[in-house]
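Okay, here's what each chain looks like letter by letter:
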Amino acid sequence: MNAIKYAEIELLASLAGFSPIHNEADMKRYLGDWSGLVGGQPLAVLRPRTTREVADIAAACHKAGKKITIQGGLTGLAGGAVPDQGDIVISLERMNKVEEFDLQGGTVTVQAGATLQAVADSVEAHDWYFPLDCGARGSCQIGGNVATNAGGNRVLRYGTMRELVLGLEVVLADGTVLSMLNKVMKNNTGLDLKHLFIGSEGTLGIVTKVVLKLFPKPQRRYSAFCALESFGNLTTLLKMARSSIPSLSAFEVMWDDYLDLASAALGRAKPFDGDYPVYVLLEAEGMDSPEQELALQRLLEQALEEGIVSDVILPHSSEQAAQLWEMRDAIGELLSGMKPYIAFDIGIPVSRMDGFIEGIKKDMQASYPSARHLFFGHLGDGNLHYATGPHRDEDIVPIDDFVYTAVEKAGGSISGEHGIGRLKKPFLRHSRGPEEIALMRMIKRAVDCNSGLNAGRVFDSSE
Ligand SMILES: Cc1cc2nc3c(=O)[nH]c(=O)nc-3n(C[C@H](O)[C@H](O)[C@H](O)COP(=O)(O)OP(=O)(O)OC[C@H]3O[C@@H](n4cnc5c(N)ncnc54)[C@H](O)[C@@H]3O)c2cc1C
């Protein structure tokens, strides 16, 4: 028996109290995430219930020189939660409690494994509102949202997860617990360390608890679905909507191919009689007042009169509005029918987005005519999603390279919200300079000297 095997047996013995999962059948669901990437067989999967347990597991792995893969709800699209052969997997799924509300101050403290949906529901039951939202809400966890700095549909008004987190509790690779459960908006007491961990994709620490900032619960949501003749009209409408509706919370754009396929996938007729190149689902939320409703109606009337919008659907009930949002959320179903697909989540300056899409569409359709090419995005924050597939395995890297080179030329970012993980690591250089990546490595070494947490994600620790 070699030294590492002996160390593994010792480690497993020390972790036996945590009821590890060892057998292949039960481990299956911990091998991959939504990206479709499948990893190696972990040595064990552990599902701690408390921060102390997470810290004890981390300390034991650190001592034994064993690598840890951290898992939330496994809805990530960059392969960050996919384990390597022989890893210890820490799944946060049992740490799912909503622990404490501050109903005066508007904060909630939750364990990292609580799902986004469960937290949002629990907060609403207390007459407050947590605005982060995305199609994976039923499975993704708050810890995963923090680790990926999740964005979603309402960033336009409320910002990304970074703007919604007041405090964090984090376990470092050696088992040290950082209790930074701050509950106030102003706290200038040296470096704000929580920002090191938000968006670090589990490379610097294991998030175990989160203090979230809450908002007054909107009394009503107003949605409208608009069909437009051009991208130029879309940016004009966004500007008009921003100035006339301060409560504008979403501006979700879908190009024609996306809407056609989403309608078919949901078994519905296309929502508009005519065909248009681009559509937008906009949402405002706030008081249930005639003024709010009137402001939206006036905006749409003016946009129709000026020919900026060609057709509008104003839902007459929350059920009808929900049906429209199902179109936008149908991406999960669409992707499963496009496997093996590539899902780009890129940031493009709005002024360059139209030209960027036209160029990519033309070249990709010419090179891969049998694949689908779907564009949709959160235009208000410059975040564009492009899903394409099915593709042959050998075409995936050249396509990635082609698109990311175009993103760099457009002055954009190779990830707007899903993160770098494993899948986008080879392309990080298109968005970040060598000096920046060197500094990221220095920080990783300072916080996790053995590269024990999520090794090989975002960047390689040594190079
Ligand atoms: C249908 C669909 C729609 C989506 N829409 C959006 C969207 O609109 N906006 C958006 O931003 N994303 C979206 N996503 C992507 C995904 O839901 C987010 O990235 C989400 O934040 C991942 O959370 P998770 O708990 O599933 O994390 P996982 O997939 O389990 O993990 C993601 C990364 O975070 C790390 N991690 C997880 N938990 C922790 C923790 N407690 N501590 C430290 N590291 C941790 C993992 O190691 C991994 O690197 C979508 C995904 C799907 C499938």
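Residues numbered from 1 in each chain as written. Predicted model: local features only at pLDDT ≥ 70, side-chain atom pairs only at ≥ 80, totals over all residues.

## Re the overall build of the protein
Okay, step 1: Looking only at helices and strands, one finds 16 helices and 17 strands in the protein.
Okay, step 2: Against the globule reference of 23 Å for 463 residues, the protein gives a C-alpha radius of gyration of 23 Å, in line with a compact fold.
Okay, step 3: Along the first, second and third principal axes, the C-alpha set of the protein runs to 75 × 55 × 45 Å.
Okay, step 4: Per-residue burial for the protein yields a buried fraction of 43% across its 463 residues. (Helix = DSSP H or I, 4+ residues; strand = E, 2+ residues; numbered from the N terminus. Rg over C-alpha atoms; globule rule 2.2 N^0.38 Å. Buried ≥ 20, exposed ≤ 12 C-beta atoms within 10 Å, placed from the backbone.)

## A word on the packing of helix 9 (residues 231-244) against helix 11 (residues 290-305)
Okay, step 1: Contact geometry of helix 9 with helix 11 gives a least axis separation of 10 Å together with a crossing angle of 150°. Between helix 9 and helix 11, the crossing angle belongs to the class labelled roughly antiparallel. Helix 9 and helix 11 meet at a crossing whose hand is right-handed. Contact with helix 9, carried on its side by Leu237, Met240, Ala241 and Ser244, involves Ala295, Leu299 and Ala303 of helix 11 and no other residues of that element.
Okay, step 2: Residues of the contact of helix 9 with helix 11, tallied by class, amount to six nonpolar, one polar and no charged. (Axes fitted to C-alpha atoms, helices over the stretch in contact; angles between N-to-C directions. Parallel < 35°, antiparallel > 145°, perpendicular 65-115°, else oblique. Left-handed = near helix turned anticlockwise from the far one by under 90°. Contact = placed C-beta atoms within 7 Å. Nonpolar A, V, L, I, M, F, W, Y, C, P; charged D, E, K, R; others polar.)

## As for the domain arrangement of the protein
Okay, step 1: By the assigned domains, the protein splits into domain 1 (3-91), domain 2 (98-216), domain 3 (220-331) and domain 4 (337-435).
Okay, step 2: The C-alpha centroid of domain 3 is placed 44 Å from the C-alpha centroid of domain 1. (Domains from an automatic or database assignment.)

## A look at the pairing of strand 4 (residues 98-102)
Okay, step 1: Bridging between strand 4 and strand 5 (residues 107-111) involves four bridges; their strand directions are antiparallel. Each residue of the ladder has a partner; that of Val98, found in strand 5, is Val110.
Okay, step 2: Counted along the chain from strand 4 to the antiparallel partner strand 5, the turn is four residues long, and its residue Gly106 has a positive phi close to 80°. (Pairing = 2+ DSSP bridges.)

## Things to note about the sheet that holds strand 9 (residues 206-213)
Okay, step 1: Pairing is antiparallel across the open sheet formed by five strands, whose spatial order is 4-5-9-7-8. Strands with a single pairing partner mark the edges of an open sheet, and in this sheet they are strand 4 and strand 8 (177-180). Averaged over all pairs of adjacent strands, the angle between their axes in this sheet comes to 15°, without regard to strand direction.
Okay, step 2: As paired strands, strand 7 (residues 165-171) and strand 8 are joined by four bridges and run antiparallel to one another. Among the inter-strand pairings, Val171 is bridged to a residue of strand 8, identified as Val177.

## Concerning the pairing of strand 3 (residues 88-91)
Working note: regular strand, side chains alternate between the two faces of the sheet.
Okay, step 1: Side chains Ile88 and Ile90 of strand 3 all project onto a buried face; the interleaved residues Val89 and Ser91 project onto the opposite face, where all are buried too.
Okay, step 2: Both strand 1 (residues 44-46) and strand 3 contribute to a ladder of three bridges, which runs parallel. The partner of Val45 across the bridge, within strand 3, is Val89.
Okay, step 3: Bridge analysis of strand 2 (residues 68-71) against strand 3 gives four bridges, and the strand direction is parallel. When the sheet's bridge partners are listed, Thr69 is paired in strand 3 with Val89.

## A short note on the site of the ligand
Okay, step 1: Inspection of the region around the ligand gives 38 residues, with Gly72, Gly76, Gly80, Gly143 and Gly144 positioned closest.
Okay, step 2: Its residues placed into classes, the shell around the ligand shows 15 nonpolar, 19 polar and four charged. (Near = placed C-beta within 6 Å.)

## So, the sheet that holds strand 12 (residues 248-255)
Okay, step 1: Taken together, seven strands build an open sheet; the order of strands is 14-11-13-12-16-17-15 and the sheet is antiparallel. Edge strands, defined here as strands with exactly one partner in the open sheet, are strand 14 (311-313) and strand 15 (342-347). Strand-to-strand twist across the sheet, computed as the mean angle between neighbouring axes with direction ignored, equals 20°.
Okay, step 2: Bridge count for strand 12 against strand 16 (residues 372-378) is three bridges, and the pairing is antiparallel. Across the sheet, residue Glu252 finds its bridge partner in strand 16, namely His378.
Okay, step 3: The sheet strands contacting helix 12 (residues 318-329) are strand 11 (220-228), strand 12 and strand 13 (278-286), and the helix crosses strand 11 at an angle near 55°.

## Some thoughts on the environment of Asn454
Okay, step 1: With respect to the helices and strands, Asn454 occurs in the segment after helix 16 (434-447).
Okay, step 2: When the C-alpha positions of Asn454 and Val184 are compared, they lie 31 Å apart, and in sequence the two are 270 residues distant.

## What to know about the environment of Gly337
Okay, step 1: Looking at where Gly337 falls in the secondary structure, it is placed in the loop between helix 13 (331-336) and strand 15.
Okay, step 2: On the neighbour-count criterion, Gly337 (13 C-beta atoms within 10 Å) is partly exposed.
Okay, step 3: The spacing of Gly337 and Gln292 is 45 residues in sequence and 40 Å in space, taken between C-alpha atoms.

## Here's the deal with unusual backbone geometry
Okay, step 1: Note that the residue after Lys339, namely Pro340, is joined by a cis bond; omega there is -10°.
Okay, step 2: In this structure, Pro340 sits in the loop between helix 13 and strand 15.
Okay, step 3: At the junction of Gly389 and Pro390, the peptide bond is cis and its omega measures out at -5° in the coordinates.
Okay, step 4: Tracing the sequence through the fold places Pro390 in the loop between strand 17 (383-389) and helix 15 (393-409).
Okay, step 5: You will see that Leu74, though not glycine, has its phi angle at about 60°, which is positive.
Okay, step 6: Not every positive phi belongs to a glycine, and Asn454 is a case in point at roughly 45°.
Okay, step 7: For Asn454, a count of 30 C-beta atoms within 10 Å gives the class buried.

## Regarding the nonpolar core
Okay, step 1: One finds Val210, Leu212 and Val280 to be the most contacted residues of the largest nonpolar core, which totals 122 residues.
Okay, step 2: Val280 has contacts with Cys226, Leu228, Leu234, Leu237, Phe251, Glu252 and Val253, leaving out every residue within four places of it along the chain. (Core = buried A, V, L, I, M, F, W, Y, C linked by C-beta atoms within 7 Å.)

## Here we look at the environment of Asp460
Okay, step 1: Along the chain, Asp460 falls in the segment after helix 16.
Okay, step 2: Judged by local crowding, Asp460 falls into the partly exposed class, with 13 C-beta atoms found within 10 Å.

## Notes on helix 14 (residues 350-367)
Okay, step 1: A rise of 1.5 Å per residue sets the reference length of helix 14, with its 18 residues, at 26 Å; its end C-alpha atoms lie 26 Å apart and thus fit the reference within 8%.
Okay, step 2: Those residues of helix 14 that sit buried are Met353, Phe356 and Ile360.
Okay, step 3: Contact partners of the buried residues in helix 14: helix 9, strand 17 and helix 15. (Expected span 1.5 Å × (residues − 1).)

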